[in-house]
Amino acid sequence: MSGSIQDTFFEECEELLEATDEGLTAIEGGDHDSEVVNAIFRAVHSIKGGAGAFGLDDLVAFAHRFETVFDEVRSNRLELDEKLIQLLLRSSDQLSALVEAARDGGEIDEAHNDTLLAALDEYIPEEEEDLTFEPMGLGGPAPMMDLGDLGGAPAEPQEETYRIRFQPLKEMYGTGNEPFFLFQALKDLGELTVTMDENELPGFDAMDMSEAYLAWDLVLVTKETRSKVEAVFEFVEGLCELSINGDGDAEAEANALAALDAMFAAPPAADAAAAPEGEAPAAPFEPPVPAPEPEAKPAAAEEKASAPKAESGKQEQRGGPKPTLRVELERVDRLINAVGELIINHSMLAQQIANLNVSDTRDVETELEGFKNLARDIQEGVMAIRAQPVKPLFQRMARIVREASAATGKTCKLVTEGENTEVDKTVIERLSDPLTHILRNAVDHGVEKPDDREAAGKSKIGEIRLSASHRSGSVCIEIKDDGAGVNRPRVKQIAIEKGLIPENAELTDSEIDNLLFAPGFSTAKEISNLSGRGVGMDVVKNAVTGLGGRINISSSPGKGSTFTIILPLTLAVMDGMVVSVADQTMVVPITSIVETMRGSDDMINSLGADGTLLSIRGNFVPICDVAGGLGLYRESDQQAGVYLLVETETGQRCALAVDDIHDQRQVVIKSLDGVCGEIPGVAAATILGDGKIAMILDPESIIAASPTAAAFDTERRMSNAS
Amino acid sequence: MKTKVLAIDDSRTIRNLLAATLEEAGFEYHCAVDGREGVDMYPDVDPDVVITDINMPNLDGFGVIEELRGTGINSKVPILVLTTESAPELKARARGAGATGWITKPFDDASLIFALKRVTGAAA
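Everything numeric in this text was worked out from a predicted model, so none of it was measured.

Q: Even after reading the chapter, I still don't get the overall build of chain B, so can you show me in this structure?
A: Scanning chain B from terminus to terminus reveals five helices and five strands. Its helices and strands in sequence order give chain B the pattern β-α-β-α-β-α-β-α-β-α, from N to C terminus. A total of 124 residues make up chain B; the buried ones form 71% of that total. Here the analysis covers contacts within chain B between residues at least 6 apart in sequence; of these, 62% occur between residues at least 24 apart.

Following this line, the structure appears as structure tokens:
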């Protein structure tokens, strides 16, 4: 139970941290509005509150300091200057780090944490730094209250008798405290005898309804500690005359003296309370009727009358954010699946109608078209539920850039654009790592040191621009820095050293730039723990292609580099080309197809023993037979005569040989995870209109596994070189 | 009849914690996400006790107490405020506004139930 509550706490933390970041970014941009400051204060305060509930002490301590500084700001005791804003930004980063550490059980950088705490302390006035709880200094007759000891020292198992004199002041009744309830709480601790003292109650005519006249003498026999007894009266401290005296309470001299005082002050009460149970004055649990009680009725009547008014005010007072609904992700995914089935169902229906051989199907086709459009609308609607703005992701990236800048001694600022662009939730989640890596790289390798930048006539502060936009059914994420650009001679040299390319290879600028994505490539002379960690940009590329996307780099020496990531809008449905290969129906993603053509024998040239090349308008392209690549065998009468020209990320072109092309349509992607292991060349599966399962091909991996393509690639590089 | 609790807190975590503890202990639990909603919901829920956070958007905890006590909606309902350890002045201020008592964050199940016991007499 508490596990799931803790999960929601961390989820909420993410939102609160985003709110904090958002507020701080606004403050950084010059918006010092009190509501912005208040919102941050509340967010940090909520993190602290939740963290306290789970005993996350580091997080509580940090959030407390952070919050206290913000309290100073919102009370106008502290001015937001540049230095403080920077500290707050770094503190917000640290708060995120602490949340992460608490969630994932990681380590935090203690030294850094302490430095920030100390820096925050400088903004906190002396008296506020004292975190210890001070009991409310009301100086009443119960000076020994130890409020902090609710569950403290183990109780002495000995029974103790407490004599309690309790006389409410009239102020107590205004706070909603009822003596009767306090007595019930006392009764839980042991055996209780209650005697009401109404000696001060005046005659009815002289009674003032707003005055308090009653007092109670209580005797409690309990094995509980004194502090537990005192805790019952915690809420009414200062609102009553109270004395609590234990019979054998000799542990503190003060208590003993107080007990003596009480005995001298009120002997009759003590006597009465000590009388055996059942005798006249003892009145256990007669509900006491405090003086102002009669007011309750009119109040209740008024409450009913005011109800409709409060109700009508409800709508008007809801300003601010649009109303939202939190739904379990699983429910949305079920809906997405159902929509997927609907689309499949549509194609099945269309197929069945086609099979009926009815002469005039125009009317049916019109309706079918309507069905299809509706299905698409629903699909888009459901996708929109899963879609989220990239804003939170981008905000996290600002933190990454700050951290990376601090670690490398460079000054960089991140400018974000198109933060409201919406992308599938899963895509956003899986984009976090690659983006982090690219940005660290941009700071580490792209942006020059401040002095070098100045020498190059640039501003000392490096600028990294992170933007998102929708581009013809895809999402485009661009990371552009204004650094030195790719050091091409160096990249080429490394690629040669690592055997990635032949020594005499002639590559275009773009080909050299894209070498950065080659497996095992890393330009850092030593692996810096910032962008390196032993993984290169190839991991980034794999992550992006894993999402069905593409990544590209373009660079201009001295001016900077731009990484472009193109992602599909959704992971659930895609446009595919339905083809047949050796009696099997398969789907090739449209996005990877450049063109399709029917080949004739004279277009085919051989390369080596088994390889073949397709000649397209004077250019040779290696042929990869899909059947061969997947280990399928053709009957003698079957022949691969159709070619799909595809292009890989590195610009490598290849002709996929298939038997025939059927049509182009939207297919629902069904993951093979958990159904069977990874099949080389196959990305996923789908269900076609006729109910058959078709594999969705992954052209990249087919080409990667093709010996012809590899041989051709080497050949090409060699010939380029000569 | 179950004792009805109206909890007002903008933190989902705190609401979840309260809900888990109170429902398990047999209270009838209602919640609002900010002070304004809490005050608006009050007449419909008609709770036996209100638990409210202090720092909230739209209407803070003091506002909640003042509105519940001041507008005559209910001047007597016990109101417990959720406070943090270092804020005795908050407690004094809350009491000044008419709060019945307070629950210190972080709270454990026992202290939460104990606080409710002292202001409603009910263990559930």
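Q: What is the right way to look at the overall build of chain A in this model?
A: Helices and strands together make up the secondary structure of chain A, namely 23 helices and 22 strands. Within chain A, buried positions represent 44% of all 722 residues. A sequence separation of at least 24 residues applies to 70% of the contacts in chain A between residues at least 6 apart. Summed over its atoms, the accessible surface of chain A is roughly 37,200 Å², and 51% of this surface lies on carbon and sulfur atoms.

Q: Looking at this model, I keep getting lost on the sheet that holds strand 5 (residues 101–105) of chain B. Mind explaining?
A: Sheet strands line up and pair through hydrogen bonds in the backbone, either parallel or antiparallel. All names here are of chain B. Within the open sheet, the five strands sit side by side as 2-1-3-4-5. Their pairing is parallel. Strands at the two margins of the open sheet, each flanked by one partner only, are strand 2 (28–32) and strand 5. Across the sheet, the mean angle from the axis of one strand to that of its neighbour is 25°, orientation sign disregarded. Pairing between strand 1 (residues 4–8) and strand 3 (residues 49–53): four bridges, direction parallel. Each bridged residue has a counterpart across the sheet, and for Val-5 the counterpart in strand 3 is Val-49.

Q: Help me understand helix 3 (residues 61–70) of chain B in this model?
A: Owing to its 3.6 residues per turn, the α-helix aligns residues three or four sequence positions apart on the same side. Residue and element names in this part refer to chain B. In terms of residue burial, helix 3 counts as a mostly covered element, since seven of its ten residues are buried. The inward-facing, buried residues of helix 3 abut strand 1, helix 2 (35–45), strand 3, strand 4 (79–84) and helix 4 (88–97). The N-capping residue of helix 3, defined by a side-chain oxygen 3.2 Å from the backbone nitrogen of Phe-62, is Asp-60.

Q: What should I look at first to understand the pattern of salt bridges in this one?
A: Oppositely charged side chains may form a pair once their charged atoms are brought near each other. Residues and elements named next belong to chain A. Evaluated as defined, the whole model comprises 34 salt bridges over all chains. Among the ionic pairs, Glu-67 bridges to Lys-48, the shortest N-O distance being 3.1 Å. Of this pair, Glu-67 sits in helix 3 (residues 57–74) while Lys-48 sits in helix 2 (residues 34–53), and the two are 19 residues apart along the sequence. Under the relative-accessibility criterion, Lys-48 is labelled buried at 3%. As a salt-bridge pair, Asp-121 and Arg-65 come within 2.6 Å of each other at their nearest N and O atoms. Placement of the pair is Asp-121 in helix 5 (residues 110–121) and Arg-65 in helix 3, with a sequence separation of 56 residues. As far as the burial class goes, Asp-121 and Arg-65 line up, both buried. Among the ionic contacts, a cluster of salt bridges with common partners joins Asp-21, Asp-93, Arg-399 and Arg-402.

Q: Is there a simple way to think about unusual backbone geometry in this case?
A: Backbone geometry follows two general trends: most residues other than glycine have a negative phi, and most peptide bonds adopt the trans configuration. Positive phi values are uncommon outside glycine, yet Ala-582 of chain A reaches one of about 45°. Within the secondary structure, Ala-582 of chain A is located in the loop between strand 12 (573–581) and strand 13 (584–589). In the Ramachandran plot, Asp-46 of chain B falls in the positive-phi region, its phi being about 50° despite a non-glycine side chain. Position of Asp-46 of chain B relative to the elements: it lies in the loop between helix 2 and strand 3. On the accessibility criterion, Asp-46 of chain B (29% relative accessible area) is partly exposed.

Q: What is the right way to read the pairing of strand 1 (residues 160–168) of chain A from this model?
A: One face of the sheet, then the other: side chains in a regular strand alternate in exactly this way. Residues and elements named next belong to chain A. Along strand 1, seven of the nine residues are buried, which leaves the element largely enclosed by surrounding structure. Sheet analysis places strand 1 next to strand 3 (residues 215–222), joined by seven bridges and oriented antiparallel. Residue Ile-164 lies in a different strand from strand 3, and its bridge partner there is Leu-218. The sheet contact formed by strand 1 and strand 4 (residues 240–246) spans seven bridges and is antiparallel. Paired with Arg-163 across the bridge in strand 4 is Asn-245.

Q: How should the sheet that holds strand 8 (residues 462–471) of chain A be read in this particular structure?
A: All names here are of chain A. One open sheet accounts for five strands, arranged 6-8-9-11-10; its pairing is mixed. The open sheet is flanked by strand 6 (412–417) and strand 10 (550–556), the only strands paired with a single partner. Each strand of the sheet is rotated relative to its neighbour by a mean of 15°, with strand direction disregarded. The pairing of strand 8 with strand 9 (residues 474–481) spans eight bridges and is classified as antiparallel.

Q: How should the packing of aromatic side chains be read in this particular structure?
A: For any pair of aromatic rings, the description consists of the separation of the ring centres together with the inter-plane angle of the planes. According to the stated counting rule, one finds eleven aromatic pairs over all chains in the structure shown. Between Phe-183 of chain A and Trp-216 of chain A the ring centres are 5.5 Å apart and the planes differ by 65°, which places this aromatic pair in the edge-to-face class. With Phe-183 of chain A in helix 8 (residues 179–187) and Trp-216 of chain A in strand 3, the pair connects residues that are 33 residues apart, well separated along the chain. Overall, Phe-183 of chain A belongs to the buried group, its relative accessible area being 2%. Each ring, one from Phe-235 of chain A and one from Trp-102 of chain B, has its centre 5.2 Å from the other, and the planes form 65°; the classification is edge-to-face. Linking Phe-235 of chain A in the loop between helix 9 (226–232) and strand 4 with Trp-102 of chain B in strand 5, this pair reaches from one chain into another. A relative accessible area of 5% places Trp-102 of chain B in the buried class. Each residue in the set Phe-166, Phe-183, Trp-216 and Phe-233 of chain A is aromatic and connected to the rest through ring pairs, giving one cluster. In this structure, Arg-118 of chain B is placed above the aromatic ring of Phe-235 of chain A, and the distance from its NZ or CZ to the ring centre is 4.2 Å.

Q: Looking at this model, I keep getting lost on a negative patch on the surface. Mind explaining?
A: Residues and elements named next belong to chain A. Together, Asp-57, Asp-58, Glu-107, Asp-109, Glu-110 and Asp-114 make up a region of like negative charge exposed at the surface. Elements supplying a minimum of two residues to the negative patch: helix 3 and helix 5. Examined against the element boundaries, Asp-109 turns out to sit in the loop between helix 4 (82–104) and helix 5.

Q: It is not clear to me how the packing of helix 2 of chain A against helix 3 of chain A should be interpreted in this structure. Could you clarify?
A: For any two helices packed against each other, the geometry is given by the interaxial angle and the distance between the axes. Residues and elements named next belong to chain A. In the contact formed by helix 2 and helix 3, the axes pass within 9 Å of each other and the chain directions differ by 155°. Here helix 3 runs roughly antiparallel to helix 2, going by the angle between their axes. Relative to helix 3, the crossing made by helix 2 is left-handed. Where helix 2 abuts helix 3, its residues Val-37, Asn-38, Ile-40, Phe-41, Val-44, His-45, Ile-47, Lys-48, Ala-51 and Gly-52 lie against Leu-59, Val-60, Ala-63, His-64, Phe-66, Glu-67, Phe-70, Asp-71, Val-73 and Arg-74. Residues that form the contact of helix 2 with helix 3 fall into these classes: twelve nonpolar, four polar and four charged.

Q: In this structure, what is going on with the side chain of Thr-52 of chain B? I would like to understand it.
A: Along the polypeptide, Thr-52 of chain B turns up in strand 3. Not counting residues up to four positions away in its chain, the partners in contact with Thr-52 of chain B are Ile-8, Gly-61, Val-64, Ile-79, Leu-80, Val-81 and Leu-82 of chain B.

Q: Would you explain the confidence of the model for chain A in this entry?
A: Reading predicted coordinates in detail is not appropriate for stretches of low pLDDT. Residues and elements named next belong to chain A. Mean pLDDT over chain A stands at 76; residues scoring 70 or higher make up 79%. Within chain A, the lowest mean pLDDT, 41, falls on helix 12 (residues 296–317), and the highest, 90, falls on strand 6. Across residues 129–156, confidence stays below pLDDT 50; counting only partners more than four residues off in sequence or on other chains, it has 43 contacts. Contacts of residues 266–319 to residues separated by more than four positions or lying in other chains number 52 contacts, the stretch itself having pLDDT below 50.

Q: Explain the packing of helix 16 (residues 425–446) of chain A against helix 20 (residues 537–546) of chain A here, please?
A: Residue and element names in this part refer to chain A. Between helix 16 and helix 20, the shortest axis-to-axis distance is 9 Å and the interhelical angle comes to 150°. Considering their axes alone, helix 16 and helix 20 lie roughly antiparallel with respect to each other. For helix 16 against helix 20, the interelement crossing comes out left-handed. Residue-level contacts link Arg-430, Pro-434, His-437, Ile-438 and Asn-441 of helix 16 to Met-537, Val-540, Ala-543, Val-544 and Gly-546 of helix 20. Of the residues contributing to the contact of helix 16 with helix 20, the split by class is six nonpolar, three polar and one charged.

Parameters at a glance
Residues numbered from 1 in each chain as written. Chains lettered and ligands numbered in written order. Predicted model: local features only at pLDDT ≥ 70, side-chain atom pairs only at ≥ 80, totals over all residues. Heavy atoms only, no water. Helix = DSSP H or I, 4+ residues; strand = E, 2+ residues; numbered from the N terminus. Buried < 20%, exposed > 50% of the residue type's maximum accessible area, 1.4 Å probe, protein only. Contact = heavy atoms within 4.5 Å. Areas by Shrake-Rupley, 256 points an atom, 1.4 Å probe, with all protein chains shown as cover. Pairing = 2+ DSSP bridges. Axes fitted to C-alpha atoms, helices over the stretch in contact; angles between N-to-C directions. Polar contact = N/O pair within 3.5 Å; in protein donor to acceptor, adjacent residues only side chain to side chain. Salt bridge = Lys/Arg side-chain N within 4 Å of Asp/Glu carboxyl O. Phe/Tyr/Trp six-rings, centres within 6.5 Å; stacked < 30°, edge-to-face > 60°. Lys NZ or Arg CZ within 6 Å of the ring centre and 35° of its normal. Patch = residues over 30% accessible without salt bridge, like charges linked within 9 Å, V, L, I, M, F, W, Y side chains within 5 Å. Lys, Arg positive; Asp, Glu negative; His and termini not counted. Charge placed at Lys NZ, Arg CZ, Asp CG, Glu CD. Parallel < 35°, antiparallel > 145°, perpendicular 65-115°, else oblique. Left-handed = near helix turned anticlockwise from the far one by under 90°. Nonpolar A, V, L, I, M, F, W, Y, C, P; charged D, E, K, R; others polar. pLDDT = per-residue confidence, 0-100.

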